[in-house]
Amino acid sequence: MRSLFRGRYLVPALLLVSVGLFGLLVFSPGSSSAASDSGSGSSGFANSGSSGSGLKTSSGQFPETPGSSSSPSQSPSGNGIYNVSLPKSFIAPGQALFAANCASCHGSDASGTARAPNLQSLGAGTVDFWVSTGRMPLADSSIQATGKRPRFNKLQSLEISAYVQSLAPGGVKVPTVNLSNANVGNGARLFTLNCAACHTITGAGDALANGAYAPSLHYASTRQIVEAVRSGPGNMPHFGPGNISNAEVRDITAYVHSYIQHPVNRGGFGLGGIGPVGEGFVGLLIGVGALMLVCFWIGDRT
Amino acid sequence: MSDEPITAEPTAPLPVAALDDPHQLPYARHPGRAQAVAAVSMTIGILGCIGFGIAYWVSDQTQWEAITLGVGLLGLGFGLTAWGKYLMAQGPFVEERHPFNSSEEEVKAMTAAITQRGGIVVGRRKLLGGLFAIGSLAFGVVAAFPLIRSLGPKPGRTLFVTNWKKNSPLVTVDGRPVHQNDLEVGGVLTVFPKGFAGSSPDQTILLRLEELTPEDPPLTLQSPGRSDWTALGYVAYSKMCTHLGCPVGLYQEQTVELVCPCHQSIFNVLAGAVPEFGPAPRPLPQLPIKVRDGFLFAQDGYNQPIGPGFWERP
Amino acid sequence: MIDESVRWLDDRLGVAKGGRTLLDKIFPDHWSFMLGEIALYSFVVLIATGVFLSLYYIPSAHEVVYHGSYLPLRGQRVSEAYSSSVGLSFDVKSGLLMRQTHHWAADVFLGSIAVHMARIFFTGAFRKPRELNWIVGITMLMLGIVNGFLGYSLPDDLVSGTGIRIAYSIIESIPLVGSYLGFFLFGGNYPGNGIIIPRFYILHVLILPVIIGALIAVHLGLLVKQKHTQFPGKGKTEHNVVGTPMFPTFAAKTTGFMFMTSAVLLLLGGFAQINPIWQFGQYEPYQISYAVQPDWYMGWLDGALRIMPSWEWVGWGHTIPLEIFLPAIVFAGLTFNFFYAWPHIEKRYTKDLATHNLLDRPRDRPKRTAFGAAMLMFYFMLFCASSTDVMANFFNVSLNTVLWTFRVIVFAIPIITYFVTFRICNEMRAAEGIGKRKRAMVVNRSAEGAYSTTPTEPRPGDGAHELDPIPVPTYINLTPEELETAPGVRRVMR
């Protein structure tokens, strides 16, 4: 037993380990959420470092009327989605931008050519979605447009949208989105029923038929979400107010903006959110693999 | 001990080894070092286990619980294994295998015990033997009855007929009736017959392909005899995939296809939800719909059993 | 004190002789013999975590209103099964750790059974007298797969509920009795009267674990009785076992390994999120998510279902959905029957009826190894085929292309694997000294200028292999004087 304490490595190792553990315990980001996690339960945001967003327990972020006795299908009054009329001053710069970047395929009056469709009466919101997500300008129209780094900033996108809207009335408008009365529970329910079949229940996106795909929802802004739901870009269906009301769109947007884009990954690393495919690879390669390495260490080679 | 000790004949002397026999030597060339490593590991293990106790009470964080208990068990395990591998006698030691077979006489005797004794008895009382065999068989058969039959009801009409009837109103999952203006072109909605919202076999997918007025000619779908099954550009199909029953919730508006997310069967909506790709064998049954007073109703139920195939399906 | 305890037990149970034989039992040390232990200790973790979970989970499809911590579910009507599972994940102290460790342990349990089975196959350890153990093992594999499916279906979430729907349709596809079996099991037309959750539960926590536990006991009992196999080597023959004794060496190593297995599973359970059911929501039969796959050990069945062409037989007023029946029932049945029959098949082919206690090196049986590798590849291709949509998305390829590619490579790649493996085996056999650790040679020069080489000392572990094996010593360094003295003294017979 005495030799235990004479070991050269023992004391430094003990020191290192205890200091390390102490430091981690004191400075861990998780400790501040401990009380609210087990106690009040007022927020589902159990903060784990792996969610990476730095979101603390944020009962202030998407306040649900606590203890709400209303069933999930009722939403509080004020539906949170307000259509914006873009200022007339946007039209002129929009026309210039359109002429320089869009007219070669869509025609100078946006009525379409053989290469690109007619944009008139699609509405400012539709155009703003395509431009602000970077899907337009589009290099190759034979494959599905990909969301990428937008060429135009938000203001320019709105200017182009204002110009196209000025050419013909109608279509989806640019919305302002106020999520403060949103019911994320209702949003979750509606998301599952209407969106999960293409975008997956975690919003990760997946491949569709004939080369199309449903994109990931992790990078969309609230305005883009509303514009997409209403305008149904590409193969996405059109969800009009008769199908999903403004209040319901607000709830869905709140749910996507919070629990889809910042999922509660209380269990650790999310492994991509694609379910058993990722879990199988981790379980076999890391789980069984690590244990096989241990077997290799313990056992003989003959 | 008060009872008589049992004495038995000693046989071969029990093996003895010297402490410095090479077989008794440990694996490690420097056992002191190996012991130090194992000791550190076990100490980390102890700290980890205590750490788990602290983590459990102080913070309900899964990651803290896992790292403390995981490192704790890993330390203890590694230390113990290192002790066994590096510090214990490495041998090699040998053990003899003895053949399993009994002698020829024993095997013959066993066979004889069964065949001869048994044979005489059953041979003399063939009636009893036969009766017991039949009885066991009978019991075996009837024992399956409560085990299997009591589990549930026999398959019945519900396999063939849904709750969609003539004039069933179409409602959403919340029970709200569907109005003709509800869907835009390219819209999709899951509907049920009134009173059965959320019922699995009744799930129906409603699509709006065009915005038509009553004066316009109806949608042309390439399915014969069904030109009046659509209404004002609306078309309805069973949402239950004919492959394995998953809800066909994925609608591609531009290519006008319904795709089943489970195994990617692709149904051509304009051709009557005919499967063009993937494992689904049959088209999705179509629900004939009509508009009355601005709301959507079913003209009739489905004309065939919905969902996957089964033996009794004609 | 030890002496008194041993005497106390021996007076009542006669355990001294058998006990010493057990303690002296020899376990060969090769690393690949420990793969089954991974499975065994994963099973122990499954039982331990499973008992914890069973104290909180409520096996009922009855609807309640969720009142727990996860906001989006608050106020929603969900089944008690789902509510209690989410409750375990959020509102039970260390509940999520136990739930995730349990799920990872199930994945690792079946993964380690697969590698263990591969080891048994490639080294020929299933030959006489161990055919019984092979059958027991295949049965445990089958029951393990079923139990895993039942287990992850218990929370009644959207992803696993979809799997239950598919299972119902598979049962329904059986000719003649399918619809009856489906209605019986589920209590009616899908989704049934809700009885399926409690039935899955009792199968998962009682019926199947008891059977698997009993089979583990049989499996280990056969192993003790027949003794472990070993690779050929110095002093190793068909009639002995060479290695380290059960006590203390093997006991220390295997107990340590149990701790380490538990540790790995716990670390996975705390840091790698698995089955986040709160993100999926309660299962409703009219809702679906994309990118839904079963757990990995059912992946081969799902892949087979995806690549199967849409053949359906209709005639004389009846339907047999071959696109379900062939891959899910016939193919699965053929798979397991083939596994069961393999020792018999190999005997017919090689005409080898002898008892084997020495193992083959896989390279020495190139045809068996190549065939096994091809089969492994076949099932692996099917497993990959279950993620066609994820692959199409990840590689930016059309779904249709991915599916057709899999239809081809599921057959092409195993064939190629066979020939490549066969070739590799033969080349390895031809190469001299391959796989053996080489000893460094010290070059000496004599005074006259002649060169000679002497090998260096072998590494510690290898040096032991150069010794002749001896029986496990009962007495180390001393013989008790009692053995020399008078009659009437208890002696032990060997």
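The coordinates are above.
Residues numbered from 1 in each chain as written. Chains lettered and ligands numbered in written order. Predicted model: local features only at pLDDT ≥ 70, side-chain atom pairs only at ≥ 80, totals over all residues.

A. Expanded view of the overall build of chain B. Secondary structure assignment for chain B yields four helices and 13 strands. Since a compact globule built from 314 residues should have a radius of gyration of about 20 Å, the 38 Å found for chain B marks it as more spread out than a globular shape. When its C-alpha atoms are laid out on the principal axes, chain B stretches across 110 × 75 × 40 Å. When each of the 314 residues of chain B is scored for burial, the buried share is 43%. Put simply, 56% of the contacts in chain B that link residues at least 6 apart link residues at least 24 apart. (Helix = DSSP H or I, 4+ residues; strand = E, 2+ residues; numbered from the N terminus. Rg over C-alpha atoms; globule rule 2.2 N^0.38 Å. Buried ≥ 20, exposed ≤ 12 C-beta atoms within 10 Å, placed from the backbone. Contact = placed C-beta atoms within 7 Å.)

B. Focus on the interface of chain C and chain B. Tallying the contact residues gives 102 residues for chain C and 87 residues for chain B. With 16 residues, helix α10 (residues 246-271) of chain C is the single largest residue contributor to the side of chain C that touches chain B. Residues that form the side of chain C that touches chain B fall into these classes: 52 nonpolar, 35 polar and 15 charged. Summarising the sheet, strand β1 (residues 16-17) of chain B and strand β10 (residues 475-476) of chain C pair through two bridges and their orientation is parallel. Paired with V16(B) across the bridge in β10(C) is Y475(C). (Nonpolar A, V, L, I, M, F, W, Y, C, P; charged D, E, K, R; others polar. Pairing = 2+ DSSP bridges.)

C. Expanded view of the pairing of strand β4 (residues 188-193) of chain B. All names here are of chain B. The buried fraction of β4 is high, at six of six residues. Here strand β3 (residues 170-171) pairs with β4 via two bridges, running antiparallel. Across the sheet, residue L170 finds its bridge partner in β4, namely P193. Of the strand pairs in this sheet, β4 and strand β5 (residues 204-208) are connected by four bridges, and their pairing is antiparallel. When the sheet's bridge partners are listed, V191 is paired in β5 with T204.

D. Inspection of the environment of A124(A) at higher detail. Structurally, the position occupied by A124(A) is in helix α6 (residues 124-132). As a C-alpha pair, A124(A) and V177(A) span 53 residues in sequence and 15 Å in three-dimensional space.

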